[in-house]
Amino acid sequence: MVVQQHRSGGGTRAVCALAVVGVMVAAAGCAGDGGGGDRAAADDRSGPGAVAAVRRAAAVLVGPGSGAAAGSAEVVTSMETAAGGTRVTIRGKGTYDFRTQSGRLKVVLPQDPAGEDEHRPITELLAPGALYMMNRGAGVPADKWVRIDTTALADGNLVTGGVTDPMAAAELLGGVSAVTYVGETDLAGVTVRHYRGTADIGRAARRASAASRGALTAAANGFRTDSVPFDAYLDEQGRLRKVRHRFSFANEGQTREVVSTTLLYGFGVAVSVPLPDARDIYTGEIEQGRAPGTPDRNQAGTGPSVGSP
């Protein structure tokens with residue numbers, strides 16, 4: 001895929017058509033969610049047992065079922081890539097309900113090369129098949145939302161909005177066929193099992209829930225390669241605590257990488273995601289080259305914000 005670029009101020013910056021971010025900031029675990037529960041079976045550490053443990057990560061987050069029901073969680077995200085020789089990082093934080101596949105996050109864009117903030121934090125609402133953005137910039141009134149159909153995005157919104165939807169991040173793991181058990185480690189005071197492998201987006205789309213299938217199918221058809229290397233960290237109850245995906249795309253004849261990391265903690269948190277009324281959604285033109293989200297020369301919410309694969 002092509003990351004579109006343009007001039008702004010004194011330098012070239014990536015339009016977060018493929019939004020960018022990087023190594024996750026370790027967030028402190030929430031009291032009471034790190035201990036207890038039955039330990040995962042010993043055969044989860046290798047072979048078919050390890051593959052099964054990783055594949056069922058999304059189901060455990062939804063709960064009930066095998067492992068401890070999660071249902072919802074607090075979320076910290078980061079996404080990183082190189083733009084014009086500079087590492088570009090976007091960070092997000094909020095809450096997510098895996099049962100309704102909806103969440104609310106505040107996304108902080110990187111500073112401009114002069115060290116000045118170019119954008120206010122963007123509020124993003126994640127919902128099945130849709131992404132809503134407030135403070136989008138690019139000529140959108142401050143009191144209006146932009147709505148994007150994620151099933152029409154060439155990347156299925158795995159990176160477009162600067163945040164990989166937490167449920168999509170978990171359901172991508174359903175596309176794994178082999179994993180390596182790296183070992184146990186500590187993550188913010190919680191003992192986790194570290195697995196490493198490669199997921200296939202097409203396979204993940206076929207196994208995904210109905211609400212996620214459309215966006216993942218779009219991603220399977222849009223990325224240059226279906227293979228996505230990952231590192232996943234599961235706690236003793238089988239809950240996904242952290243996952244890092246490495247997406248590859250083509251940009252001006254070169255292969256570039258976007259590293260997206262999602263950290264989950266504070267399971268069971270209350271989540272409320274009321275969606276905007278139709279009258280609050282902007283339907284005008286989006287100015288070119290201003291911020292992550294909708295495409296250049298397209299109406300808000302009508303087309304993909306990534307370049308052609």
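Criteria and cut-off values
Residues numbered from 1 in each chain as written. Predicted model: local features only at pLDDT ≥ 70, side-chain atom pairs only at ≥ 80, totals over all residues. Heavy atoms only, no water. 1 Å grid on protein atoms, 1.4 Å probe; cavity = no way out; pocket = protein on both sides within 12 Å on 5 of 7 lines; lining within 4 Å. Points joined across faces, edges and corners; volume = space filled by probe spheres on them. Helix = DSSP H or I, 4+ residues; strand = E, 2+ residues; numbered from the N terminus. Nonpolar A, V, L, I, M, F, W, Y, C, P; charged D, E, K, R; others polar. Phe/Tyr/Trp six-rings, centres within 6.5 Å; stacked < 30°, edge-to-face > 60°. Buried < 20%, exposed > 50% of the residue type's maximum accessible area, 1.4 Å probe, protein only. Salt bridge = Lys/Arg side-chain N within 4 Å of Asp/Glu carboxyl O. Core = buried A, V, L, I, M, F, W, Y, C linked by side-chain atoms within 4.5 Å. Contact = heavy atoms within 4.5 Å. Polar contact = N/O pair within 3.5 Å; in protein donor to acceptor, adjacent residues only side chain to side chain. Pairing = 2+ DSSP bridges. pLDDT = per-residue confidence, 0-100.

Asks: Summarise empty space enclosed by the protein; cite the residues concerned and give the values.
Replies: This structure, assessed with the given rule, holds five cavities of 30 Å³ or more. By volume, the largest cavity is sized at about 160 Å³. Around the largest cavity sit 18 residues that line it, and A127, T150, D165, A168 and A215 are the ones nearest its centre. Contributions of two or more residues to the lining of the largest cavity are made by β6 (122-127), α3 (166-172) and α5 (210-222). The element that contributes the greatest number of residues to the lining of the largest cavity is α5, accounting for four residues. Taken together, the residues that form the lining of the largest cavity break down as 11 nonpolar, six polar and one charged.

Asks: Give a detailed account of the packing of aromatic side chains, specifying residues and quantitative values.
Replies: Following the criterion strictly, the structure yields three aromatic pairs and no others. Between Y181 and Y195 the ring centres are 5.5 Å apart and the planes differ by 55 degrees, which places this aromatic pair in the tilted class. Here the residue Y181 occupies a position in strand β9 (residues 176-187), and Y195 occupies one in strand β10 (residues 190-200), the gap between them amounting to 14 residues. On the basis of relative accessible area, Y195 is assigned to the buried category, the value being 1%. Ring plane angle 20 degrees and centroid distance 5.6 Å describe the contact between F223 and F247, whose orientation is recorded as stacked. Here F223, found in the loop between α5 and β11 (227-235), pairs with F247, found in strand β12 (residues 240-251); they are 24 residues apart in sequence, far enough to count as distant.

Asks: Give me the pattern of salt bridges: which residues, what numbers.
Replies: Following the criterion strictly, the structure yields eight salt bridges and no others. Measuring nitrogen to oxygen at the nearest pair gives 3.0 Å for the salt bridge that ties D231 to R246. With D231 in strand β11 and R246 in strand β12, this pair connects stretches of sequence that are 15 residues apart. For D231, a relative accessible area of 4% gives the class buried.

Asks: Before we move on, could you go through the nonpolar core and cite the residues and values that matter?
Replies: Counting residues in hydrophobic clusters, the biggest one holds 41 residues, and the most contacted among them are L61, L173, V179, F230, L240 and L264. The greatest single-element share of this core, amounting to four residues, is contributed by helix α1 (residues 47-55). The contact partners of L61, leaving out residues within four places of it in the chain, are A70, G71, F98, A170, L240, L264 and F267. Core analysis: the next-biggest nonpolar cluster, separate from the first, contains 17 residues, A168, A219, V228 and F247 among them.

Asks: Can you break down the side chain of D97 residue by residue, with the values?
Replies: When you line up the elements, D97 lands in strand β4 (residues 86-97). Classification of D97 as buried rests on a relative accessible area of 8%. In terms of polar contacts, D97 uses its side chain to reach the backbone amide nitrogen of T100, at 3.3 Å. If near-sequence neighbours (up to four positions away) are discounted, D97 is found in contact with G71, S72, S102 and V271.

Asks: How would you summarise the pairing of β11 if you had to cite specific residues and measurements?
Replies: Of all nine residues in β11, seven are buried, a share of seventy percent or more. Judged from the nine bridges that link them, β10 and β11 form a sheet pairing that is antiparallel. For V192, the partnering residue across the bridge sits in β11 and is D235.

Asks: Give a detailed account of the environment of K93, specifying residues and quantitative values.
Replies: Counting through the fold element by element, K93 comes out in strand β4. Here the alpha-carbon distance between K93 and T77, two residues 16 residues apart in the chain, equals 6.2 Å. Apart from residues lying up to four places away in sequence, K93 is in contact with V75, V76, R104, L105, K106 and Y265.

Asks: Describe in detail the confidence of the model for the protein, supporting the description with residues and values.
Replies: The predicted coordinates ought not to be read in detail in places where the model reports low pLDDT. The predicted model of the protein averages 78 in pLDDT, with 72% of residues at 70 or higher. In the model of the protein, strand β1 (residues 5-8) stands out as the element of lowest mean pLDDT, 33, in contrast to β10, which has the highest, 97. Every residue in residues 288-309 is under pLDDT 50, and counting partners more than four places away or in other chains gives 75 contacts.

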